[in-house]
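Here is what each chain is made of, one letter per residue.
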Amino acid sequence: MADPMRIRAQVSGDKATVRVLMSHEMESGQRKDAAGNTVPAWFIQEVTASLNGKVVLSADWGPAVSKNPFLQFTVKGAKAGDKLAVTWKDTKGETRTDEATVS
Amino acid sequence: MLRSIVGAALLLLACTAPAVWAQKTAVQSIEEYRAMLQDGNPADLFEAKGEDLWKQQRGPKAATLERCDLGKGAGVVKGAFTELPRFFADTQRVQDLESRLLSCMETLQGFNAAEIAKTPFDKGEQKTLTALATWIAAESKGMKFNLSQAHPEERTFYEVGKRLFFQRAGPHDFACATCHGQDEKRIRLQDLPNLTKNPGDGVGFAAWPAYRVSNGQMWGMQQRLNDCYRQQRFPYPGFGSDATIALSVYLGVNSQGSVSVAPAIKR
């Protein structure tokens, strides 16, 4: 199973800044291994973030996103104590969801 | 006539001002890039993994590392990093963080230390060591280096490390000091700290373990030093070898009083 994400969500005014670190290889499918064989593509394709169960961000990612990606965004109207969940799904169909409390 | 000269001068000033403002040195640009990366340092991921591994029952003995003595007593993690390498009475060796962790994995958890030492970096249990080192270093973030030189072995290691630092050899007739023996040198766009003296807070010894953005790898000091030797076209001294620990003692003692920023982020 994939390693957990690190999610930080901090309120400033009527907005919250969310910082997410994901643990993923993000293989582009463009690299070759030592034997000259193509390393198959394996990357996060879908990312969604939800605040108290309501989707606030959804993104389609491609192979150009770096290994162990960092995502930062702001959510309007988030208050301390709200639950912020982030989910990703990769090209192997593997998925991971982590949740953090807005502070 | 005068008016036109003044006019031309003003015009010149207007043209050059924004050009000067826009022209940043390569070093400034790199610093900006680093500052942007600082906020999302993926070392955090390894830190979390390391903390988890410390408390997990692992190995043939299914034990945790919570009784591991990193120099400040069994299980004490905070402040241990900034006092390593040091002499350990139980192993009768000067050990750095990573070689000490390996000893603990052997004695407490029953792992085969020799086998792990031979494992290439970033593979198998070496990944475990790097994650543990990242977390333990992070627990001493912001603290000042204070390496002991009380034991005769520790002083010997310092002297050996100093010799190794200046020893020129290999097909390129290289030494550590070739790149790290003078102020304000750089290789391509990377600033090279002068490690023959205290390079200051968060530089050199005080910046590793670090996450390297360009290859997405987390590196401990052992990998850093072994790779320095690779760049000098030397053979790897080996994981936890006396040579790498002696160099660590030399660098660590030179960094006395400097603040550790590890785990850092590198280009």
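Residues numbered from 1 in each chain as written. Chains lettered and ligands numbered in written order. Predicted model: local features only at pLDDT ≥ 70, side-chain atom pairs only at ≥ 80, totals over all residues.

Focus: the overall build of chain A
Then step 1. On a plain count of helices and strands, chain A comes out with zero helices and seven strands.
Then step 2. Relative to its 103 residues, chain A shows a buried fraction of 24%. (Helix = DSSP H or I, 4+ residues; strand = E, 2+ residues; numbered from the N terminus. Buried ≥ 20, exposed ≤ 12 C-beta atoms within 10 Å, placed from the backbone.)

Side note on the sheet that holds strand S7 (residues 264-266) of chain B
Residues and elements named next belong to chain B.
Then step 1. Overall, mixed pairing links the three strands, which are arranged S6-S5-S7 in an open sheet. The open sheet is flanked by strand S6 (217-219) and S7, the only strands paired with a single partner. This sheet shows a mean twist of 30° between the axes of neighbouring strands, independent of strand direction.
Then step 2. Bridging between strand S5 (residues 210-212) and S6 involves three bridges; their strand directions are antiparallel. Paired with Ala-210 across the strands is Trp-219, a residue of S6. (Pairing = 2+ DSSP bridges. Axes fitted to C-alpha atoms, helices over the stretch in contact; angles between N-to-C directions.)

Points about the sheet that holds strand S2 (residues 15-21) of chain A
All names here are of chain A.
Then step 1. Overall, antiparallel pairing links the three strands, which are arranged S1-S2-S5 in an open sheet. The two strands at the open ends of the sheet, each matched to only one other strand, are strand S1 (6-12) and strand S5 (70-76). Neighbour to neighbour, the strand axes of the sheet diverge by 15° on average, direction disregarded.
Then step 2. Where S2 lies against S5, seven bridges are found, and the strand directions are antiparallel. Bridge pairing in S5 links Val-18 to Phe-73.

Considering helix H10 (residues 242-254) of chain B
All names here are of chain B.
Then step 1. Compared with the 18 Å implied by 1.5 Å per residue over 13 residues, the 18 Å span of H10 between its first and last C-alpha is a close match.
Then step 2. Listed in full, the buried residues belonging to H10 are Thr-244, Ile-245, Ala-246, Leu-247, Ser-248, Val-249, Tyr-250, Leu-251, Gly-252, Val-253 and Asn-254.
Then step 3. Elements in contact with the buried residues of H10: strand S2 (93-95), helix H4 (97-107), helix H7 (152-166) and helix H9 (221-231). (Expected span 1.5 Å × (residues − 1). Contact = placed C-beta atoms within 7 Å.)

Looking at the environment of B:Glu31
Then step 1. By the element assignment, B:Glu31 lies in helix H2 (residues 26-38).
Then step 2. Spatially, the C-alpha atom of B:Glu31 lies 46 Å from that of B:Pro60, the residues being 29 residues apart in sequence.

A few points about the confidence of the model for chain B
Residue and element names in this part refer to chain B.
Then step 1. The share of residues in chain B with pLDDT of 70 or more is 92%, and the mean pLDDT across the chain is 88.
Then step 2. Overall, residues 9-20 carries pLDDT values under 50, and its contacts beyond four positions in sequence, including any with other chains, amount to zero contacts.
Then step 3. Across the interface, the model reports ipTM at 0.79; the global pTM reads 0.84. (pLDDT = per-residue confidence, 0-100.)

Some words on the interface of chain A and chain B
Then step 1. Counting from both sides, the interface comprises eleven residues of chain A and, opposite them, eight residues of chain B.
Then step 2. Counting only elements with at least two residues in the side of chain A that touches chain B, the list comes to S2 and S5 of chain A.
Then step 3. Split by residue class, the side of chain A that touches chain B holds three nonpolar, four polar and four charged. (Nonpolar A, V, L, I, M, F, W, Y, C, P; charged D, E, K, R; others polar.)

Some words on the pairing of strand S7 (residues 95-101) of chain A
Residues and elements named next belong to chain A.
Then step 1. In the sheet, strand S6 (residues 83-90) pairs with S7 via seven bridges, with the strands oriented antiparallel. Its bridge partner lying in S7, Leu-84 is registered against Ala-100.
Then step 2. Where S6 folds back onto S7 in an antiparallel hairpin, the turn is made up of four residues, including Gly-93, whose phi is positive at roughly 85°.

Section: the nonpolar core
Then step 1. The biggest cluster of nonpolar side chains holds 73 residues, and the ones touching the most others in it are A:Val18, A:Val20, B:Leu101, B:Leu132, B:Ile136, B:Trp208 and B:Val249.
Then step 2. By residue number, the principal contributor to this core is helix H6 (residues 124-138) of chain B, which donates eight residues.
Then step 3. Look past the residues within four positions of B:Ile136 in its chain and what remains in contact with it is B:Gly50, B:Leu70, B:Val77, B:Ala80, B:Phe81 and B:Leu97. (Core = buried A, V, L, I, M, F, W, Y, C linked by C-beta atoms within 7 Å.)

A closer look at the environment of B:Arg58
All names here are of chain B.
Then step 1. Looking at the secondary structure, you find Arg-58 in the loop between helix H3 (43-55) and strand S1 (86-88).
Then step 2. Since 19 C-beta atoms lie within 10 Å of it, Arg-58 is described here as partly exposed.
Then step 3. For Arg-58 and Leu-108, which are 50 residues apart along the polypeptide, the C-alpha to C-alpha distance reads 9.5 Å.

Thoughts on H4(B)
Residue and element names in this part refer to chain B.
Then step 1. Counting buried positions along H4 gives eight out of eleven residues, so the element sits mostly inside the fold.
Then step 2. Within H4, the full set of buried residues consists of Leu-97, Glu-98, Ser-99, Arg-100, Leu-101, Leu-102, Cys-104 and Met-105.
Then step 3. Close packing links the buried residues of H4 with S1, S2, helix H5 (113-118), H6, H9 and H10.

Quick notes on the pairing of strand S3 (residues 44-51) of chain A
Residues and elements named next belong to chain A.
Then step 1. With seven bridges joining them, S3 and S6 adopt antiparallel strand pairing. Each bridged residue has a counterpart across the sheet, and for Ile-44 the counterpart in S6 is Asp-90.
Then step 2. In the sheet, S3 pairs with strand S4 (residues 54-60) via six bridges, with the strands oriented antiparallel. Across the sheet, residue Val-47 finds its bridge partner in S4, namely Ala-59.
Then step 3. The hairpin turn running from S3 into S4, its antiparallel successor, is two residues long, and Asn-52 in that turn takes a positive phi close to 50°.

Re unusual backbone geometry
Excluding glycine, residues mostly have negative phi values, and the peptide bonds linking residues are mostly trans.
Then step 1. Omega for the bond connecting B:Leu84 with B:Pro85 falls within 30 degrees of zero, at 0°, which places this linkage in the cis form.
Then step 2. Following B:Trp208, the chain continues into B:Pro209 via a peptide bond in cis, with omega recorded as 5°.
Then step 3. In this structure, B:Pro209 sits in the loop between strand S4 (190-192) and S5.
Then step 4. One non-glycine residue, A:Met26, adopts positive backbone phi at about 55°.
Then step 5. Mapped onto the fold, A:Met26 is located in the loop between S2 and S3.
Then step 6. Among the residues examined, A:Met26 registers 20 C-beta atoms within 10 Å and is labelled buried.
Then step 7. In this structure, B:Asp173 takes a positive phi of about 50° despite not being glycine.
Then step 8. Note on placement: B:Asp173 falls in the loop between H7 and helix H8 (176-180).

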